[in-house]
Amino acid sequence: MLILGGGVFGYWTYRQNSPAPMWVELPINPDLTDEQREKGISKILASLKSKEVLLEVSKEMGLVQKWGMASDAEAETELSQRIFVKFGDTAATMGRIPALHIGVIGKKKEMKLSGEIAVRLMKDVRKILNSSPSPDR
């Protein structure tokens, strides 16, 4: 019985530490070429990974305390490694449409925090898209 209990606890711990990406979908124009789409993805990703944005998100979300980091710089580096922007699709009233998935890769036990960070990142994405013309509008 003890071995079975230990096995169940081990499996549960393994599952809680498995990767669980959380993202927000941003619909894009379906007529964009692959080149335009890749250019937009790289622009958004580069802007999100800038020191200013990462530091602002880290401080606003309190990532130093939540991730148990020593400093904002450490949390900034960790967040930079976790952020992703990729092409995918999303459900709409007219069916599946192309979209950008903007989010954070975290552990399953951090899904709520990862989702909150992804939503917070959309605030910066909207600033990026409104500040200059972008191919993904």
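Residues numbered from 1 in each chain as written. Predicted model: local features only at pLDDT ≥ 70, side-chain atom pairs only at ≥ 80, totals over all residues. Heavy atoms only, no water.

Caption draft 1: Highlighting the overall build of the protein chain. The number of helices and strands found in the protein chain is six helices and three strands. Starting at the N terminus, the α and β elements of the protein chain follow one another as α-β-α-α-α-α-β-β-α. Judged by the C-alpha coordinates and their principal axes, the protein chain covers about 60 × 40 × 25 Å. Burial status across the protein chain gives 40% buried among its 137 residues. In the protein chain, the share of contacts with a sequence separation of at least 24, taken over all contacts with a separation of at least 6, comes to 64%. For the protein chain, the accessible surface area stands at approximately 8300 Å², while carbon and sulfur atoms represent 60% of it. Of the side chains in the protein chain, 20 bear a positive and 17 a negative charge, and the two mean positions are spaced by 4 Å. (Helix = DSSP H or I, 4+ residues; strand = E, 2+ residues; numbered from the N terminus. Buried < 20%, exposed > 50% of the residue type's maximum accessible area, 1.4 Å probe, protein only. Contact = heavy atoms within 4.5 Å. Areas by Shrake-Rupley, 256 points an atom, 1.4 Å probe, with all protein chains shown as cover. Lys, Arg positive; Asp, Glu negative; His and termini not counted. Charge placed at Lys NZ, Arg CZ, Asp CG, Glu CD.)

Caption draft 2: Main features of the environment of Ile105. Position of Ile105 among the secondary structure elements: in strand 3 (residues 95-107). Its relative accessible area of 40% is what places Ile105 among the partly exposed residues. For the pair formed by Ile105 and Leu32, sequence separation is 73 residues and the distance between their alpha carbons is 27 Å.

Caption draft 3: Quick look at helix 3 (residues 51-61). Buried within helix 3 we find Val53, Leu54, Val57, Ser58 and Met61. The arc that holds every buried residue of helix 3, seen down its axis, measures 130°, which confines them to one face. Residues Lys51, Glu52 and Lys59 are exposed on helix 3 and point more than 90 degrees away from its buried face. Once helix 3 finishes, Gly62 follows within two positions and takes phi at roughly 65°, a positive value. (Arc of directions from axis to C-beta.)

Caption draft 4: Main features of the nonpolar core. Ranked by internal contacts, the top residues of the largest apolar core, which has 28 residues, are Leu48, Leu63, Leu79, Ile102, Ile117 and Val125. Of the residues forming this core, the biggest block, seven residues, is contributed by helix 6 (residues 111-131). With near-sequence residues (within four places) excluded, Ile102 lies in contact with Trp23, Val24, Leu26, Leu48, Phe84, Val85, Ala118, Met122 and Val125. (Core = buried A, V, L, I, M, F, W, Y, C linked by side-chain atoms within 4.5 Å.)

Caption draft 5: Quick look at helix 5 (residues 72-82). Turning to helix 5, its buried residues are Ala75, Glu76, Leu79, Ser80 and Arg82. One side of helix 5 holds all its buried residues, which, seen down the axis, span an arc of 160°.

Caption draft 6: Region of interest: the pairing of strand 2 (residues 83-92). Pairing of strand 2 with strand 3 involves ten bridges; the strand directions are antiparallel. Paired with Ile83 across the strands is Val104, a residue of strand 3. Taken together, strand 2 and the strand that follows it, strand 3, pair antiparallel across an intervening segment of two residues. (Pairing = 2+ DSSP bridges.)

Caption draft 7: Region of interest: the sheet that holds strand 2. Strands sit in the order 1-3-2 across an open sheet of three strands; the sheet is antiparallel. At either end of the open sheet lies a strand with only one pairing partner, and these are strand 1 (19-27) and strand 2. Strand-to-strand, the axes of this sheet are offset by a mean angle of 35°, without reference to chain direction. Lying over the sheet, helix 5 contacts strand 2 and strand 3, oriented at roughly 45° with respect to strand 2. (Axes fitted to C-alpha atoms, helices over the stretch in contact; angles between N-to-C directions.)

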